[in-house]
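A look at the structure
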Amino acid sequence: MNRFASLRTAAAVAAVTALALTASACGSGGPGSGGSGKVTVWSLQNDTLNPVQKLSIDSYNSVHGKSVTLKTFINDPYKKKLQTGLNGADAPDVFLNWGGGNLAEYVKAGTVTDLSKRLDSDFKAEFLPSVLAGGTVDGKVYGVPMEGVQPVAFFYNKDVFNRAGIKEPPATWQQLLTDIDKMKAKHIIPIALAGSQSWTELMWLEYLLDRVGGPKVFAAIEEGKPGAWADPAVETALGMIRDLVDRGAFGTKYSTVGQDSGGAYALLAGGKAGMELMGSWAYADLLTSAPGFVKAGKLGWAPFPTVPKGKGDPKNVVGNPCNYFSVTQKSGNKSGAVDFIENTVDQPSYIADLLSIGHVPAIAGIKGQLMGGINPDYTGFIYGMVADAPTFTQSWDQALPPDTAATMLTDLQKVFNKLMTPKQFVQAMGAA
């Protein structure tokens, strides 16, 4: 299951259970048509988010006298549906997408509406700039953030750190290397890595390339500029990864560990590993799989460390900025679709419901609300990471074309498994 597209179905907090019990499956509805006033929304099937969406739609319909219906799809079928369905007779008015390169493909195909002049300027100003940028293509807004932000961060076991004599999470690369050695000396796997799924390894390359060369390096790769993969920062970042592997940072059996099966979480919560680099959904996942560990205050979190002489801003983050609502070009009720978006995703009740399921909304100025809500230390940390980030780079396997992303993930796994050198990776991706 793709970790972004699944919206972390395992991330349910207790509050959502009551919602799930009372919310029924949503009707499919038909496409918006001129004069009908109807709006159809396509989204992913998710037991955590869908009840919140249903409540929001019911409220909107009741207050505004509208007829909005929600149709949900399982992850992989949904991706295929978007490729063919946005131009079909049953095209929706509003559809969920992942922004970034994913959204740019729809813009290129002419299947999505430019919302720049359709959205109220005050409404657009409500979102964190680095997240709204994920729904912007060539300076025009095509997507509106509709759920929680998903930056990647370090998660660590405080008990393990104490056993290894580590007082605080590493702020610099050298401190990380020192901490790795300290944990190895105590026969602890320094960093849990679910190496059987290469997207978990990609997070390391995403952060290291940003720290070493800055966000412009990947931006050139994403734009398909000739020679972009050959930028020296790419090989340097890969070399740092190989140094970690050779140092034993991930132990010796990381290639057999799974993320979706909970293997890396079990190592971290069970005290067999000290740290894990993972998306922000890790908190809610661990709250589900190891509630005693989290509730006892043994889970810590921290940003990715700085890198010596790096060109990237230490406040930059990587991950999935958000998921987005966009309006199809095919829609016969664009005004109704925009009205629905503008009167749901920024509403106080919707924000509160997202918080109740462990999502941190991409709305500016809600830190005070976070501090008075559920898990304030954690949600405040995640919100601060994104709010302070000069750049929020989308996960590469979402930003790049599918074929390129598949090759990249396969070859990166070879680098981690010592089957390919950093230089060979660069050459292979340049050829791809």
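That block above? That's the structure.
Below is a short write-up of the structure.

Parameters and conventions
Residues numbered from 1 in each chain as written. Predicted model: local features only at pLDDT ≥ 70, side-chain atom pairs only at ≥ 80, totals over all residues. Heavy atoms only, no water. Helix = DSSP H or I, 4+ residues; strand = E, 2+ residues; numbered from the N terminus. Rg over C-alpha atoms; globule rule 2.2 N^0.38 Å. Buried < 20%, exposed > 50% of the residue type's maximum accessible area, 1.4 Å probe, protein only. Areas by Shrake-Rupley, 256 points an atom, 1.4 Å probe, with all protein chains shown as cover. Lys, Arg positive; Asp, Glu negative; His and termini not counted. Charge placed at Lys NZ, Arg CZ, Asp CG, Glu CD. Arc of directions from axis to C-beta. Contact = heavy atoms within 4.5 Å. Pairing = 2+ DSSP bridges. Axes fitted to C-alpha atoms, helices over the stretch in contact; angles between N-to-C directions. Phe/Tyr/Trp six-rings, centres within 6.5 Å; stacked < 30°, edge-to-face > 60°.

Considerations on the overall build of the protein
When helices and strands are tallied, the protein shows 21 helices and 13 strands. Its C-alpha atoms give the protein a radius of gyration of 22 Å, near enough to 22 Å, the size a compact globule of 432 residues would have. The buried share among the 432 residues of the protein stands at 56%. Accessible surface, the protein as shown: approximately 17200 Å² in total, 52% of it carbon and sulfur. Each charge class in the protein can be summarised by its mean position, and for the 38 positive and 38 negative side chains these summaries are 4 Å apart.

Describing helix H10 (residues 215-222)
Of all the residues in H10, the buried ones are Val217, Phe218, Ala220 and Ile221. Viewed along the axis of H10, the buried residues span an arc of 150°, placing them on a single side of the element. In this structure, the buried residues of H10 make contact with helix H9 (198-213), helix H11 (232-247), strand E13 (392-394) and helix H19 (396-399).

Observations concerning the sheet that holds strand E6 (residues 144-145)
Pairing within the open sheet is mixed, and its five strands lie in the order E2-E1-E3-E12-E6. Bordering the open sheet on either side are strand E2 (67-73) and E6, each of which pairs with just one other strand. Inspection of the sheet shows strand E1 (residues 38-44) paired to strand E3 (residues 94-97) by two bridges, in the parallel sense. In the strand pairing of E3, Val41 is matched with Val94. Seen against the sheet, helix H3 (residues 75-85) touches E1, E2 and E3 and runs at an angle of roughly 135° to E1.

Some words on the packing of aromatic side chains
As enumerated under the stated definition, the model contains 24 aromatic pairs in all. Where Trp204 meets Phe250, the ring centres are 5.5 Å apart and the plane angle is 75°; that geometry is what we call edge-to-face. Of this pair, Trp204 sits in helix H9 while Phe250 sits in the loop between H11 and helix H12 (263-269), and the two are 46 residues apart along the sequence. A residue is classified by how much of its surface remains accessible, and Phe250, at 2% relative accessible area, is buried. Centroid distance Trp204 to Phe304: 5.8 Å. Interplanar angle 70°. Geometry classified as edge-to-face. Within this pair, whereas Trp204 is found in helix H9, its partner Phe304 is found in the loop between strand E10 (299-302) and strand E11 (317-320), the two being separated by 100 residues in sequence. In this structure Phe304 comes out as buried when scored by relative accessible area, which is 3%.

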